[in-house]
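# Close look at the chain arrangement
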Amino acid sequence: MLEVSGLNAFYGDSHILHGVDLTVGSSDRVSILGRNGSGKTTLMKSILNAGPRIHGGIRLDGTDLARETSFRRARLGLSLVPEDRRIFPHLTVTDNLLIALAAAGDRAGLDLERVLDTFPMLGPLAARYGSQLSGGQQQMVAVARGVMPRPRCLLLDEPTEGLAPVIVRQLAASVVRLCDEFKIGLLLSEQNIWFARFCTQHVHIIENGRIVFSGSWDEFESRPDVKHRYLAV
Amino acid sequence: MGMQIGFALFNGLTVGMSIFLVAAGITLVFGMLKILNIAHGSFFMIGAYVAYSIIGSHPDSTLQLVFAAILSGFVLAGLGLLLNASVFQRLRNIGEAYSLIATFALLMICNGATKIIWGVNYHSVSAPDALAGAVIYGSFFAPSYSLFIIGLGVLTFLALEIVVHRSSVGKIVRAIAHDSWMANLVGINTSRIYALVVMAAFFCVGMAGGLLLPNQSLTPLLFESYLLQSFMVVIIGGLGNIRGAFIGAIMLGLIEGANFLMLPGIPGILVYVILIGFLLWRPQGLFPQPGADTADRVEGMAETEGVPATMPPKSLSGGIVAAVLVVGVLASMPFWANAGFLFIVGFAMVEAVLALSWNLLFGYAGLTTFGHAAFFALGAYFVGFLLRQDTGIPFLALLSGSLALGALVAFIVGFVAIRRTSGIALGILTLSLGEILRRAISYSPALGSDDGLSGIPRPQIDLGPVLVDLSSERAYFWFLLAACSLVALALWSFTVGPMGRVLIALRQDPVRAEFLGIDVRRYRLLAFVISGAVAALAGALQAPWAQIVTPEAASYLHSTQPMLNTLLGGSGFFWGPIVGSAIFSGISYATRTLAGLSEVVSGGILLVVVLAAPGGVLGLGSRFSRTWRIGALHKRPAVDELARVGKQAVGGP
Amino acid sequence: MIECSNIYKSYGAIPVLKGISLTVAERETFTIIGPNGAGKTTLFKVLTGEVPANAGVVTFNGENITRLSASARVHRGFGRTFQVARILPCNSVLENLIIALEARARRTERGSLLQLRPSDRTWDDAAEIAGRISLLNKVDIPARFLSHGDRKRLELGVTLALKPKILMMDEPTAGMSPGDRNATIDMIVRVKDEDRLTIMLTEHDMDVVAHLSDRIMVMNYGEAIAVGTLSDIRDNAAVRDIYLGEEIGDA
């Protein structure tokens, strides 16, 4: 479904990603693990053409996206939830979700009620403004906004950053349920291994802008050296 | 008395609503693009001229007036669409100071084009019969046209308020205003919305131009009457906020009314005083918008900018040869140049010194001010006034006095302003101070009011054994050349010395400078004081050259001259302002025959420089020479790293 | 050496620091760790004078410095490096160091106004520091063209040029490759020894924390959860839960 091939990304003079190859199959769920500064966020932004200067191939369901702008990529079915969430502070929770639906053009999106149901925490907050939410609530809204247009692939960038453990568990449950129920693919960048394992089937490890390991979680477990070398705390 | 107060306030309200009709567009564009469009007053003027071309001097009916206004709105919307694609979108990625200056270039182009298309003559348009009368209610008397304007203002406000705050389009617009990056990522075609908003803003201003046509003197100076006041309105209200602009407009109108009652001798001064107090109290305005607080943005430098050299070059010989050559050619001019050209060159030298002093703030200390001409006028009036009085004070003492006066005033202004404001607020604050000075002068009979001081005698300098008589044009020109060269040399030594290095550090990164133990505020104030002193000296030198000083010396149009010169020459080079002054003077000399042409050409060049070569003329030159140098370096393996780096810098293969 | 008590700080309505107290002894390396958003950087900003605290007292060598500006604290011996290195991008490596050296010299001696070029001693000192931070071969390159690791090294060099007593480092190895990271650890250990420094740092990388720290403070949601040596911290149940144990999460 989503195929990234030979992706190079630059910020000004610095070369951040070096020939990254990555595939997310239809309804697949894939993690990218890596330390701070390893290039996870740059990769996510590059796929949406939202920041870095990029060279390389990006295809979604066979369509070449290389020349498309960010908003076209969004309308074609890629949805990025950035690490800093970026809720629209002056809109209510409901409007935050509806604006994503309205902006998605021809995509038949999801039903507002059903999405809100998936996040038990959000129900009572529907009329609140984005600026009145806590970090965890904002993250829930950001994910909900991300799935509203029913994307082909949801890109979640470090969603657990700064969240309390109990919220992390709720979020994991919601993400898995949404992806299963609506057949949404997932590309997740994380540092929290527990969350990544709970949400995904495959794992890639990125280090200095290069993919240094790819495999299933079982394969990952069988390679403690990889874990130690690239992720150890 | 009660009648009079009521009438003044009603008039004030009419003024306020007319201003709002213009200010709405400024605030819309700023809210979306974060560009403070200085040219907006000129677009208003173009709107008025377009409507005038349609209806002529005597509109038959109110309907015809409205129809012409709407048509003018469409014309301007088309212009807006064009400018959005060609200029505004490019300004979003460059530094704030540059985008302000680019819109100023637009202002010059518009004003010049207006003069070329419609001429410089005065036109007046009468109100249609239906609006020419007055409504009388008991002892209250209101001109119908004023009521018409107030009604329109309120209507426009309500329409914008509903669209922006209540409609779904408004939600999208505000989402982009808050976070265009994220808005794009959820699938909003942000560039299309930008274009729509710019078109809407231009439509409003074009329509306002038409509707406000009656009772207005239509001249190429029309832009000015609305420009500064609409800025005040949007700044008081909080940039980018429609409600704020509406409240700001009402406040401004009432202040104007109060001014009329309390200080009838100096119209329009109260509003500046209140604006300054307001800026110091609440620099972000009544309703600050997220993202509108530009103080942080100015702190950092745009990628494209460079900084001037921080040290003297290892070998001075090349520089000395160049300097001797330039000074030599200038010194020989009285022998071969005609009087008119010599006069312009003298002006250019003074303007170059003024620009050098402005760039000490902009290129070195990282402060953008819009009121530099105030210091110039201070020095010019100080020397002009005392020379005319024939006090017998030696001329060199007068010059030193102007330096001290400039330094003192700069210290007082800088002490307060630098502590409280930065970014746009500092720019508008300095602009207001300049405007207050200009108005104060033009209403002081002792300083010649609007006519200024004329017939300023050229002095003699008594050096003990020798008496140097500067009364001839030639003698004063040489003195001017010597003085300007000396000032330039002194400033240059200052900037390549340890103090220059301090300023360049805090220009690039004030936080790092603070953590080098540099008291950022203190050094900014130092730069402000030196800059003010030198600007006053430039004014003092010019007064005997021109032999006349007018309040225009303090006007904001004059304040922008050093900015244009600096930007054109290259703010990242000490000598940039001088190169820019030379080029600008050349342009205005070459185009002096056709009114408006010089503005169009100067503005056009400036716009191209800002958009395509933010390093200025010298920046372009050094880019080419660097490409050449890197090529030569390639042959030496030891500098591989530098070569690689250089290649990226110039974007070559 | 540095001490703070009951520091409170909020940005708008959001409390970021909720009563932090700590003491760092002379020549100690004191590390603050905690999840993103725990308030580490804000605490640093309060200690260095970049932002004022809403309440609380900071003392340095017995002097109350709570109300002093950042530059005044630098005069008393603070050196500060940032998560994203703050250097002067348009100046060369050597110019960066010279500007720092001159900034320090200005406090102790009045240079002649006619001396435009830096003194010979300043040039020599700058070259010496460039050697210490292994940038001697890049002295003429404008800082904006340096790699990420080199920028962080240059920032350390610029800070050392101020001859600080205490070095405050916000994530000194953030975004570095393992090789760069090890080199940085070695360099910090070396300069601490050579310049007899006290060091405070925040860090994500537990390798770096383990190598450098004498004592560690763990923060979460603006509060100090625990203070102690590495093994104290590892044994602390609360810490395991919020930080090191995140991976065990639901197990």
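Chain C appears in an unreviewed UniProt entry as ABC transporter ATP-binding protein from Microvirga brassicacearum.

### Topic: the overall build of chain B
Helix and strand counts for chain B come out as 27 helices and eight strands. Each of the three principal axes of chain B carries a C-alpha extent, and together these read 80 × 65 × 45 Å. When burial is assessed residue by residue, chain B has 56% of its 653 residues classed as buried. Expressed as a percentage of contacts within chain B between residues at least 6 apart in sequence, the contacts between residues at least 24 apart total 78%.

### Here's the deal with the interface of chain B and chain C
Of the residues lining the interface, 26 residues belong to chain B; the matching set on chain C comes to 25 residues. For the side of chain B that touches chain C, the elements supplying multiple residues, two or more each, are α19 (473-496), α20 (498-508), α21 (510-514) and α27 (640-650) of chain B. No other element matches α20 of chain B, which puts five residues into the side of chain B that touches chain C. Split by residue class, the side of chain B that touches chain C holds 14 nonpolar, six polar and six charged.

### Focus: the pairing of strand β2 (residues 134-137) of chain B
Residues and elements named next belong to chain B. Summarising the sheet, β2 and strand β3 (residues 140-143) pair through four bridges and their orientation is antiparallel. When the sheet's bridge partners are listed, Ala 134 is paired in β3 with Pro 143. Hairpin connection from β2 to β3: two residues lie between these consecutive antiparallel strands, with Gly 138 at a positive phi of about 60°.

### A short note on the interface of chain A and chain B
How big an interface is tends to be expressed through the accessible area that disappears when the partners come together. Each partner contributes residues to the interface: chain A has 23 residues there, and chain B has 18 residues. When residues of the side of chain A that touches chain B are traced back to their parent elements, those giving at least two are α2 (70-76) and α3 (93-103) of chain A. It is α3 of chain A that provides the largest number of residues to the side of chain A that touches chain B, a total of five residues. For the side of chain A that touches chain B, the per-class residue count stands at 14 nonpolar, four polar and five charged.

### Observations concerning the domain arrangement of chain B
Each assigned domain of chain B is listed here: domain 1 (2-220), domain 2 (349-418 + 445-552) and domain 3 (625-653). Measuring from the centre of the C-alpha atoms in domain 1 of chain B to the corresponding centre in domain 2 of chain B gives 39 Å.

### Remarks on the sheet that holds strand β4 (residues 55-60) of chain C
Residues and elements named next belong to chain C. Across the sheet, which stays open at both edges, the four strands sit in the order β2-β1-β4-β5 with antiparallel pairing between neighbours. What marks the edges here is a single partner per strand, and that holds for β2 (14-24) and β5 (63-64). Where strand β1 (residues 2-11) meets β2, eight bridges bridge the pair, whose relative direction is antiparallel. For Cys 4, the partnering residue across the bridge sits in β2 and is Leu 22.

### Describing the packing of helix α5 (residues 135-147) of chain A against helix α6 (residues 165-182) of chain A
All names here are of chain A. The interhelical angle for the contact between α5 and α6, taken along N-to-C directions, is 10°, at an axis separation of 11 Å. When the axis of α5 is compared with that of α6, the two are roughly parallel. Listed contacts from α6 to Gly 136, Gln 139, Met 140, Val 143 and Val 147 of α5 are Ile 167, Leu 171, Ser 174, Val 175, Leu 178 and Phe 182. Partitioning the contact of α5 with α6 into residue classes produces eight nonpolar, three polar and no charged.

### Points about the sheet that holds strand β9 (residues 202-207) of chain A
Residue and element names in this part refer to chain A. Taken in spatial order, the six strands make up an open sheet running β6-β7-β8-β3-β9-β10, and their pairing is mixed. The outermost strands of the open sheet, each flanked by one partner alone, are β6 (78-81) and β10 (210-216). Adjacent strand axes in the sheet meet at a mean angle of 15° when their direction is disregarded. Strand direction decides the pairing type here: strand β3 (residues 29-33) and strand β8 (residues 185-190), joined by five bridges, are parallel. Bridge assignment links Val 30 to a residue of β8, and that residue is Leu 187. α5 rests against β6 and β7 (153-157) of the sheet, and its axis sits at about 175° to β6. Against the sheet, helix α9 (residues 224-231) makes contact with β3, β9 and β10, and its axis sits at roughly 45° relative to β9, the strand it touches most.

### Quick notes on the packing of helix α12 (residues 269-281) of chain B against helix α18 (residues 423-442) of chain B
All names here are of chain B. Look at α12 against α18: their axes get within 9 Å of each other, and the N-to-C directions meet at 150°. It follows that α12 is roughly antiparallel to α18 by the angle criterion. α12 and α18 meet at a crossing whose hand is left-handed. Between α12 and α18, the contacting residues are Ile 269, Tyr 272, Val 273, Leu 275, Ile 276 and Leu 279 on the first element and Ala 425, Ile 428, Leu 429, Ser 432, Leu 433, Glu 435, Ile 436 and Arg 439 on the second. Its residues placed into classes, the contact of α12 with α18 shows eleven nonpolar, one polar and two charged.

### Quick word on unusual backbone geometry
Residues and elements named next belong to chain A. Not every positive phi belongs to a glycine, and Asp 61 is a case in point at roughly 50°. Mapped onto the secondary structure, Asp 61 falls in the loop between β4 (53-60) and β5 (63-64). Overall, Asp 61 belongs to the partly exposed group, with 13 C-beta atoms counted inside 10 Å.

### Describing the nonpolar core
Judged by nonpolar contacts, the single largest core of 369 residues is most densely connected at Phe 20, Val 353 and Ala 377 of chain B together with Leu 97 of chain C. Sort the elements by how many residues they give to this core and helix α22 (residues 520-546) of chain B lands first, with 17 residues. Split by domain, this core shows at least three residues from each of two domains, domain 1 (2-220) and domain 2 (349-418 + 445-552) of chain B. Discounting residues that sit within four places of it in the chain, Val 353 of chain B has contacts with Cys 484, Val 487, Ala 488, Val 534 and Ala 538 of chain B.

### Here we look at the confidence of the model for chain C
Residues and elements named next belong to chain C. In the predicted model, chain C carries a mean pLDDT of 85, and 91% of its residues have values of at least 70. Below a pLDDT of 50 lies the segment residues 244-251, which in the model reaches 13 contacts outside its immediate sequence neighbourhood of four places, other chains included. Here the predicted complex carries an ipTM of 0.93, next to a pTM of 0.82.

Scoring rules and cut-offs
- Residues numbered from 1 in each chain as written.
- Chains lettered and ligands numbered in written order.
- Predicted model: local features only at pLDDT ≥ 70, side-chain atom pairs only at ≥ 80, totals over all residues.
- Helix = DSSP H or I, 4+ residues; strand = E, 2+ residues; numbered from the N terminus.
- Buried ≥ 20, exposed ≤ 12 C-beta atoms within 10 Å, placed from the backbone.
- Contact = placed C-beta atoms within 7 Å.
- Nonpolar A, V, L, I, M, F, W, Y, C, P; charged D, E, K, R; others polar.
- Pairing = 2+ DSSP bridges.
- Domains from an automatic or database assignment.
- Axes fitted to C-alpha atoms, helices over the stretch in contact; angles between N-to-C directions.
- Parallel < 35°, antiparallel > 145°, perpendicular 65-115°, else oblique.
- Left-handed = near helix turned anticlockwise from the far one by under 90°.
- Core = buried A, V, L, I, M, F, W, Y, C linked by C-beta atoms within 7 Å.
- pLDDT = per-residue confidence, 0-100.

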